[in-house]
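Below, each chain spelled out in residue letters.
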Amino acid sequence: MRDRLGDRLTLAAFLVTVLLGGLNFVAVRFSNRELPPFWGAGLRIGAAALVLLAVASIQRLQFPRGRALLGASIYGLLGFGGSYALGYWAILYIPAGLAAVILASAPLFTFVLAVVQGLERFQWRGLLGAVLAITGIALTSLGSVGGAVPFWPLLAALGMALCFAEASIIIKRFPASHPVSTNVVAMAVGAVVLLGLSTLRDEARILPAQTSTWVALLYLILLGTSAVFVLFLFVLKRWSASTIAYQFVLFPLVAVAASSLLEGTPVTMGLLLGGGLILGGVYVGVVAPGAPPQPHPRMGSEPCTSCPT
């Protein structure tokens, strides 16, 4: 009886994580309507860092030191600073659903980069997944010829996924520390980078004036980042990393539906075909039974534990 209840709670936590993570992309679109992208991203990550800092203080968690601190800082530089800067800017110009589809390729990029850097063995199935995903990305970019999908924002979204992937690889080269305290450090570094970019870009550092922007920002801080992170921790203790990778395939389904419902974004044939190939590549490369093993996610090193954008 207790096992059945635990299984149901785990499944419920996983589904809520998918829902919240998928809605993040649409919430960022609403945040970007009033807040400059780097400033809005910096506010979100900085506030989320404070929330996790409170959790770490209550639990009296030890913070990373020495090489572990260096690893957490580099992870924050890429996983929060670089990826969020690219992602927030990209979502200014491309639909939330498309951004979610591109980010869905992050686990596959993680595997490919790990092979290139000698951390995983090459397998043909992984290569097939990469080919499918790259073909899908190329197909979605065809709309840029007619101006439907701007090329540079699309490239920025791809860079976002690559930053997540590389961050998850780099952190593995450093000693492990508690996931919450590691992400406090990483988010703090990411917030400094984002707010620094905001200053360099001379963005208006304002607080939201519209109710919809406040709702989006608070959602991103409390639910889209902090709650997603806690739920991911809960699920990861009970399920394998490869099973949890299904969330990357499911995020776009939520994002596309929510974007169409809340923003009236049309669902084009190019997005359906290209997105289908990308998700198919992720499934073949890192999710399907017998697929190449994913690098084991050390909490705080998983690309989307705290930020499916």
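Predicted model only: the values in this text are computed from it and were never measured.

Peer 1: What's the story with the side chain of S259 in this structure? I'm lost.
Peer 2: Summarising the element assignment, S259 is placed in helix α11 (residues 246-263). You can call S259 buried: its relative accessible area is 2%. Those residues in contact with S259 that lie beyond four places of it in its chain are V26, A96, G97, G264 and T265.

Peer 1: Mind showing me how you'd approach the confidence of the model for the protein here?
Peer 2: Fine structural detail should not be taken from predicted coordinates in areas where pLDDT scores are low. The predicted model of the protein has a mean per-residue pLDDT of 81, with 80% of residues at 70 or higher. When mean pLDDT is compared element by element in the protein, helix α2 (residues 37-59) scores highest at 95, while helix α10 (residues 241-244) scores lowest at 60. Low pLDDT, under 50, characterises residues 293-307; the predicted model gives this stretch 66 contacts beyond four residues in sequence or across chains.

Peer 1: Explain unusual backbone geometry here, please?
Peer 2: A negative phi holds for most residues other than glycine; trans holds for most peptide bonds. Within the chain, R60 stands out as a residue other than glycine whose phi angle is a positive 55 degrees. By the secondary structure assignment, R60 is in the loop between α2 and α3 (66-90). Positioned with a positive phi, D202 is a non-glycine residue whose angle comes to about 55 degrees. With respect to the element layout, D202 can be found in the loop between α8 (179-200) and α9 (211-236).

Peer 1: In this structure, what is going on with the packing of aromatic side chains? I would like to understand it.
Peer 2: The description of two aromatic rings rests on the distance between their centres and on the angle between their planes. Tallying each qualifying case throughout the model produces six aromatic pairs. Ring geometry for Y75 against F80: centres 5.8 Å apart, planes inclined by 85 degrees, an arrangement best described as edge-to-face. The class for Y75 is buried, based on a relative accessible area of 1%. Among the aromatic side chains, those forming a connected cluster through ring pairs are Y75, F80, Y84, Y88 and F164.

Peer 1: Looking at this structure, how should I read the packing of helix α5 (residues 106-116) against helix α7 (residues 151-170)?
Peer 2: Two quantities define a packed helix pair, namely the angle between the helix axes and the distance between the axes. At their nearest, the axes of α5 and α7 sit 8 Å apart, and the two run at 55 degrees to each other. The angle between α5 and α7 places the two elements in the oblique class. With respect to the hand of their crossing, α5 and α7 are arranged in right-handed fashion. Residue-level inspection shows A106, F109, T110, L113 and A114 of α5 in contact with α7, the latter providing L158, A161, L162, F164, A165, E166, S168 and I169. Among the residues making up the contact of α5 with α7, the classes are represented as 10 nonpolar, two polar and one charged.

Peer 1: Quick question: what am I supposed to make of α7 here?
Peer 2: For an α-helix the count is 3.6 residues per turn, leaving residues at separations of three or four pointing the same way. When the terminal C-alpha atoms of α7 are compared, their 28 Å separation across 20 residues agrees well with the 28 Å that a helix rising 1.5 Å per residue should span. The buried fraction of α7 amounts to 16 of the 20 residues, a majority that puts the element mostly inside the structure.

Peer 1: What's the story with the environment of E166 in this structure? I'm lost.
Peer 2: Tracing the chain through its elements places E166 in helix α7. When the C-alpha atoms of E166 and Y75 are compared, they prove to be 8.6 Å apart, with 91 residues separating the residues in sequence. Not counting the four nearest positions on each side in its chain, E166 is found in contact with L78, L113 and Q117.

Peer 1: Help me understand the nonpolar core, please; the structure alone is not making it clear to me.
Peer 2: Of all hydrophobic cores here, the largest spans 56 residues; its most connected members are F25 and Y84. It is α7 that provides the largest number of residues to this core, a total of nine residues.

Peer 1: Could you clarify how one ought to interpret the packing of α2 against α8 in this entry?
Peer 2: Closest axis-to-axis distance for the α2/α8 pair is 8 Å, and the angle between their directions is 155 degrees. With respect to their mutual orientation, α2 and α8 come out roughly antiparallel. By crossing handedness, the relation of α2 to α8 is classed as left-handed. In terms of residue class, the contact of α2 with α8 is made up of 19 nonpolar, four polar and no charged.

Peer 1: How should the environment of V51 be read in this particular structure?
Peer 2: One can find V51 in helix α2. V51 gets classed as partly exposed once you look at its relative accessible area, which sits at 28%. Along the chain, V51 and S226 lie 175 residues apart, while their C-alpha atoms are 7.1 Å from each other. Among all residues touching V51, those that are not within four sequence positions of it are I221, L222 and S226.

Peer 1: What is the right way to read helix α4 (residues 96-103) from this model?
Peer 2: Of all eight residues in α4, eight are buried, a share of seventy percent or more. Within α4 the residues assigned to the buried category are A96, G97, L98, A99, A100, V101, I102 and L103.

Procedures and definitions
Residues numbered from 1 in each chain as written. Predicted model: local features only at pLDDT ≥ 70, side-chain atom pairs only at ≥ 80, totals over all residues. Heavy atoms only, no water. Helix = DSSP H or I, 4+ residues; strand = E, 2+ residues; numbered from the N terminus. Buried < 20%, exposed > 50% of the residue type's maximum accessible area, 1.4 Å probe, protein only. Contact = heavy atoms within 4.5 Å. pLDDT = per-residue confidence, 0-100. Phe/Tyr/Trp six-rings, centres within 6.5 Å; stacked < 30°, edge-to-face > 60°. Axes fitted to C-alpha atoms, helices over the stretch in contact; angles between N-to-C directions. Parallel < 35°, antiparallel > 145°, perpendicular 65-115°, else oblique. Left-handed = near helix turned anticlockwise from the far one by under 90°. Nonpolar A, V, L, I, M, F, W, Y, C, P; charged D, E, K, R; others polar. Expected span 1.5 Å × (residues − 1). Core = buried A, V, L, I, M, F, W, Y, C linked by side-chain atoms within 4.5 Å.

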